[in-house]
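Overview (structure and organization)
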Amino acid sequence: GATRTSPPAPSQRNTSAVPALTPAAPAAPADWAAGCTTHGPAAPAGCRIDGLTPGTQYELRVRARSDAGWGEWSAPPARASTAPPSACGCASDLGLLGDVPTFHARFKACGQRCWAERPCTLDCTLRETHLSPACAGCHADVAACTRAHCTRPCMFSSASARCIGCSVEHCRPALVTCAGIAEALLP
């Protein structure tokens, strides 16, 4: 495993702990980077490390410093993954999606007005629902997918059981992946 050869700058206090991260695949010493340092007996129990790449697995090691100097890096490294990007995970999107009757009415109107063509449906969804661009894009993709795969069952009613079943079968999995949130949170 990789180890860090030079410690971070010394602390003015008598103890500190420093985590180091490296992407799990390349484990060369040059890949290690200090994430944050906590100091002293009143240091927080956790540490936030910014600037990580979403969807990447990292190995985490920790070492401590006291008046006696730096300790050894922890081993074996803990593995952690960052979450993939979430198109619909911000609080405003979750709130808008949570109002299911209003969202459905506005999104259905956009899909019908635009004949489920993606660019038009995206513009309309942005304007009418106020979702973030990424989240609106996921939903515009559903409209285009439904048009491509479910024209016959949806021809007379987008609310029919056959239309909804077709869209769920062919398009819902891609929506769940794109949205990046639990399926139960999607309308």
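This report concerns the structure included in the present document.

Reading the values: the criteria
Residues numbered from 1 in each chain as written. Predicted model: local features only at pLDDT ≥ 70, side-chain atom pairs only at ≥ 80, totals over all residues. Heavy atoms only, no water. Disulfide = S-S within 2.5 Å. Helix = DSSP H or I, 4+ residues; strand = E, 2+ residues; numbered from the N terminus. Buried < 20%, exposed > 50% of the residue type's maximum accessible area, 1.4 Å probe, protein only.

Put plainly, a disulfide is one covalent bond tying together the sulfur atoms of two cysteines. Tallying each qualifying case throughout the model produces 7 disulfides. One disulfide bridge connects C110 with C124, the sulfur atoms lying 2.1 Å from each other. Every disulfide takes its handedness from the sign of the S-S torsion; for C110 and C124 that torsion is -75°, giving left-handed. Of the two residues, C110 is situated in helix α2 (residues 100–113) and C124 in helix α3 (residues 118–129); the sequence distance between them amounts to 14 residues. For C110, a relative accessible area of 0% corresponds to the buried category. Classification of C124 by relative accessible area gives buried; the value is 0%. A sulfur-sulfur distance of 2.0 Å marks the disulfide that ties C150 to C166. Looking along the S-S bond of the C150-C166 disulfide, the torsion reads about -85°, which is the left-handed sense. Pair noted here: C150 is in the loop between α4 (133–149) and α5 (151–154) and C166 is in helix α6 (residues 161–170), with a separation of 16 residues, a long-range link. The pair C150 / C166 is uniform in exposure class, with both members buried. With no disulfide of its own, C90 lies 7.2 Å from the sulfur of C135, the closest cysteine sulfur. Given the relative accessible area of 34%, C90 is considered partly exposed.

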